[in-house]
Amino acid sequence: MADLIPVSFAEFGNKRWRRPATLAHGRQEVLVGLSLPEMFKAVTCLPLAFAPQGEAFVPVAVLGLKSGQNLFVAPDGRWLGEYVPAALRAYPFRLLQDQNGQQLLGFDRESGLLTEADQPGEPFFEAEGKPAAVIQELLVFLSQMEQGRKQAVSLSALLRQHGLIQPWPVQVQGPDGKEAALEGLFRVDEAALRTLPLEALGALRDAGAFPLMYCQLLSMQHLGRLAQLAEALARAEQAAPLPLTPDAQELDLSFLNHDGAIKLGGVR
């Protein structure tokens, strides 16, 4: 479990942090929430679904067939897909809110990536107490991601209002030949969409809900990738385990494009 604490000068003024060398931290993340903009990138390579969160539904990337096993993370921490969800790339940082609703940048104290001032790493703050440039970029990046997440949740609520979200009983054949069932997932009800009145279709169009629906529906073609990755992992487990080395993969954690525009999930 993450132990998130707000990044403040009092707590981190004399600390440094290291960027994760691999995506091993995402090894147990089977469902990862997505913002609306990054869904346009994720749809090309990941199965997407809706997952209940309280009274709402949130779009998620489906990354495994059973709890605690992300099939897109190799034993050595390499990512085995084309797109890495933004929430995994931002680690060990995450957005927090204080009691007044103000957005704060949080750091996972249990990540093992916190170091002392005299050790290798990047500073949280400059000498005069101003947040370092990358810390400011991270806060903007995560704030935009949260804005996109809220937009996706709002559109999902609209789909639900029109009866367009239904349970998705996913059945995928595992490496042992048995069917693996993924429970608790939801999808767009394509049959209901085809019979929706023109007035309701116009409301969905005007709200910008069509891209969300089409991304989820088109992404279902990638379910077979999960079975392929599960089979590959099963074969790898029969061989000698690969060591997890700090330099196994250098992650691209640049949150700015060359023109200075914030990049969210690889989508400009």
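Shown above is the structure to which this text applies.
These numbers were taken from a predicted model, which means no experiment stands behind them. (Residues numbered from 1 in each chain as written. Predicted model: local features only at pLDDT ≥ 70, side-chain atom pairs only at ≥ 80, totals over all residues. Heavy atoms only, no water.)

**Student:** Would you mind going over the pattern of salt bridges with me for this structure?
**Tutor:** Opposite charge on two side chains permits them to pair, given that their charged atoms come into close proximity. In this structure the tally under the stated criterion is 9 salt bridges. Of the charged contacts in the structure, one is a salt bridge between Arg 225 and Glu 82, with a shortest N-O distance of 3.8 Å. Residue Arg 225 is found in helix H8 (residues 223-238), and its partner Glu 82 is found in the loop between strand E5 (56-62) and helix H3 (86-89); the two are separated by 143 residues along the sequence. The class of Glu 82 is exposed, set by a relative accessible area of 58%. Each of Asp 3, Glu 11 and Arg 109 takes part in one network of salt bridges that share partners. (Salt bridge = Lys/Arg side-chain N within 4 Å of Asp/Glu carboxyl O. Helix = DSSP H or I, 4+ residues; strand = E, 2+ residues; numbered from the N terminus. Buried < 20%, exposed > 50% of the residue type's maximum accessible area, 1.4 Å probe, protein only.)

**Student:** Help me understand the layout of surface pockets in this model?
**Tutor:** One simple way to see leftover space: roll a probe sized like a water molecule over the atoms. Size it by volume and the largest pocket reaches roughly 1200 Å³. Taken together, 35 residues line the largest pocket, and the ones lying closest to its centre are Glu 29, Val 32, Ala 87, Leu 88 and Arg 94. At the level of secondary structure, the elements contributing two or more residues to the lining of the largest pocket comprise strand E3 (31-33), strand E4 (48-53), E5, H3, strand E6 (93-97) and helix H4 (133-161). Broken down by class, the residue content of the lining of the largest pocket amounts to 21 nonpolar, 6 polar and 8 charged. (1 Å grid on protein atoms, 1.4 Å probe; cavity = no way out; pocket = protein on both sides within 12 Å on 5 of 7 lines; lining within 4 Å. Points joined across faces, edges and corners; volume = space filled by probe spheres on them. Nonpolar A, V, L, I, M, F, W, Y, C, P; charged D, E, K, R; others polar.)

**Student:** Help me understand H4, please; the structure alone is not making it clear to me.
**Tutor:** Spacing of three or four residues puts side chains on the same side of an α-helix, whose turn is 3.6 residues. Under the 1.5 Å per step criterion, the end-to-end length of H4 is 42 Å for 29 residues, consistent within 8% with the ideal 42 Å. Once H4 finishes, Gly 163 follows within two positions and takes phi at roughly 70 degrees, a positive value. (Expected span 1.5 Å × (residues − 1).)

**Student:** So what exactly am I meant to see when it comes to the sheet that holds strand E1 (residues 4-6) here?
**Tutor:** Sheets are built from strands paired through backbone hydrogen bonds, the pairs being either parallel or antiparallel. Strand order in the open sheet formed by 3 strands is E1-E7-E6, and the pairing between neighbours is antiparallel. Unpaired on one side and paired on the other, E1 and E6 mark the two borders of the sheet. Strand-to-strand twist of the sheet, defined as the mean angle between neighbouring strand axes without regard to direction, takes the value 45 degrees. Bridge count between E6 and strand E7 (residues 103-108): 5 bridges; the pairing is antiparallel. In the sheet register, Leu 95 faces E7, and the bridge partner there is Leu 105. Where H4 meets the sheet, it contacts E6 and E7, and its direction lies at approximately 65 degrees from that of E6. (Pairing = 2+ DSSP bridges. Axes fitted to C-alpha atoms, helices over the stretch in contact; angles between N-to-C directions. Contact = heavy atoms within 4.5 Å.)

**Student:** Even after reading the chapter, I still don't get the sheet that holds strand E8 (residues 114-116), so can you show me in this structure?
**Tutor:** The strand order across the open sheet formed by 3 strands is E8-E2-E9, and the pairing between neighbours is antiparallel. Sheet topology places E8 and strand E9 (122-123) at the edges, where each strand pairs with a single neighbour.

**Student:** What is the right way to read unusual backbone geometry from this model?
**Tutor:** One can expect most non-glycine residues to show negative phi and most peptide bonds to be in trans. The step from Tyr 91 to Pro 92 runs through a cis peptide bond, and the omega angle for that step is 10 degrees. Checked against the element boundaries, Pro 92 lands in the loop between H3 and E6.

**Student:** Where do I start with the pairing of E5 in this structure?
**Tutor:** Every other side chain in a regular strand lies on the same face of the sheet, so the side chains alternate between the two faces. Of all the 7 residues making up E5, 6 are buried; the element is thus mostly covered by neighbouring parts of the structure. In terms of strand pairing, E3 meets E5 through 3 bridges, oriented antiparallel. Bridged to Val 32 within E5 is Ala 61. When E4 meets E5, the two strands line up antiparallel, connected through 6 bridges. Pairing of Leu 48 across the sheet is with Ala 61, part of E5.

**Student:** Looking at this structure, how should I read the nonpolar core?
**Tutor:** Soluble, globular proteins show a tendency: their nonpolar side chains are buried together. Counting 78 residues, the largest nonpolar core has Leu 46, Leu 48, Phe 93, Phe 124, Ile 135 and Leu 159 as its most contacted members. Looking at this core element by element, the count peaks at 11 residues for H4. In contact with Ile 135, not counting residues within four places along its chain, are Trp 17, Phe 93, Leu 105, Pro 123 and Phe 124. (Core = buried A, V, L, I, M, F, W, Y, C linked by side-chain atoms within 4.5 Å.)

**Student:** Teacher, can you tell me more about the environment of Ala 2 here?
**Tutor:** Note on placement: Ala 2 falls in the segment before E1. Residues within four places of Ala 2 in sequence aside, it is in contact with Arg 94 and Asp 108.

**Student:** Looking at this structure, I do not really get the packing of aromatic side chains. What am I missing?
**Tutor:** Describing an aromatic ring pair means giving the distance of the ring centres and the angle of the ring planes. Enumeration over the complete set of coordinates arrives at 10 aromatic pairs. Measuring from ring centre to ring centre gives 5.4 Å for Phe 9 and Phe 125, while their planes differ by 85 degrees; the resulting arrangement is edge-to-face. You can see Phe 9 sitting in helix H1 (residues 9-12) and its partner Phe 125 sitting in the loop between E9 and H4, a full 116 residues away along the chain. The exposure class of Phe 125 is buried, given its relative accessible area of 11%. (Phe/Tyr/Trp six-rings, centres within 6.5 Å; stacked < 30°, edge-to-face > 60°.)

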